[in-house]
Amino acid sequence: MSTAAAKTEAANQARQRRTEEKLRHVADAIGQLQRRKLPVTYPAIASRAGVSRTFLYDNPDARDLVTTAITRAGSQRRHDQAGHDAQAEASWQQRALNAEQALKAAHAEIRAQRARIGELLGQLRDTQHDHDGDAVQRLATENATLKQRIRDLTASNRTLDERLQAARSNNRFLDKRIAGLEAQLLGTTTG
């Protein structure tokens, strides 16, 4: 075999190994995306595998891997969605039943509270009717007593105010008288 043919064969084998390595990276990237439940798309696979999108489109093996993964992800997503929808429907029905029971319980509680309020208002009216006549008479007497006490205190306050003014007036008079006497005393002792 000539050296040119050997070099060509070696280059072809190297290219074949690189292609196989890229295909392994693509398969690994698809596996990672599926395990993490991320969308399986050409750009996502190309980014994770470290290959170009052109490689994914041009290489038949890579294209088959990606197409199969996208198809499988789509059917899995539809299957998961159907399960989720069935679960949501069951959950919705259960929530509706729970809400209906809670509504019935709330209405029963409201009726019980209204009945209790009615009883208490009746008791309050009965108590008011029994004590209204006595209470009015008692309040009128207390009011009259308090008014009389206010009048007495006002009169007492006026009397005390007049005494205070008289005491101040006497004090001023006595201060003047003392000052006059002191002046006379100083005048007689100096003169």
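Residues numbered from 1 in each chain as written. Predicted model: local features only at pLDDT ≥ 70, side-chain atom pairs only at ≥ 80, totals over all residues. Heavy atoms only, no water.

Residue-level pLDDT values for the protein chain average 84, and 89% of them are 70 or greater. No element of the protein chain has a lower mean pLDDT than helix α4 (residues 60–190), which averages 83, and none a higher one than helix α1 (residues 3–35), which averages 89. (pLDDT = per-residue confidence, 0-100. Helix = DSSP H or I, 4+ residues; strand = E, 2+ residues; numbered from the N terminus.)

We now examine the nonpolar core. Core analysis: the largest hydrophobic core is formed by 17 residues, its most contacted members being Val26, Ile45, Phe55, Leu56 and Val66. Elements supplying a minimum of two residues to this core: α1, α2 (42–49), α3 (53–58) and α4. Sorting elements by how many residues they give to this core places α1 first, with five residues. In this structure, valine 26 is in contact with Ile45, Ala49, Val51, Phe55, Leu56, Leu65 and Val66, ignoring residues within four places of it in sequence. (Core = buried A, V, L, I, M, F, W, Y, C linked by side-chain atoms within 4.5 Å. Buried < 20%, exposed > 50% of the residue type's maximum accessible area, 1.4 Å probe, protein only. Contact = heavy atoms within 4.5 Å.)

Considering all chains together, one arrives at three salt bridges under this definition. In this structure, lysine 104 and glutamate 100 form a salt bridge, with 3.8 Å as the shortest nitrogen-oxygen distance. Here glutamate 100 and lysine 104 lie together in helix α4, a separation of four residues that amounts to about one turn. Residue classification places lysine 104 among the exposed positions, given a relative accessible area of 55%. For the salt bridge of glutamate 142 with arginine 138, the shortest nitrogen-to-oxygen distance reads 3.9 Å. Within this pair, glutamate 142 and its partner arginine 138 are both found in helix α4, separated by four residues, close to a single helical turn. In this structure arginine 138 comes out as partly exposed when scored by relative accessible area, which is 48%. (Salt bridge = Lys/Arg side-chain N within 4 Å of Asp/Glu carboxyl O.)

All right, on to unusual backbone geometry then. Of note, lysine 37 is a non-glycine position whose phi angle comes to about 55°, a positive value. For lysine 37, the position within the fold is in the loop between α1 and α2. Owing to a relative accessible area of 71%, lysine 37 belongs among the exposed residues under this scheme.

Next up on the list: the packing of aromatic side chains. One pass over the structure, following the stated rule, counts one aromatic pair. With 4.4 Å between their ring centres and 20° between their planes, tyrosine 42 and tyrosine 57 make a pair best called stacked. Of the two residues, tyrosine 42 sits in helix α2 while tyrosine 57 sits in helix α3, which places them 15 residues apart along the sequence. The partly exposed category is assigned to tyrosine 57, whose relative accessible area is 42%. (Phe/Tyr/Trp six-rings, centres within 6.5 Å; stacked < 30°, edge-to-face > 60°.)

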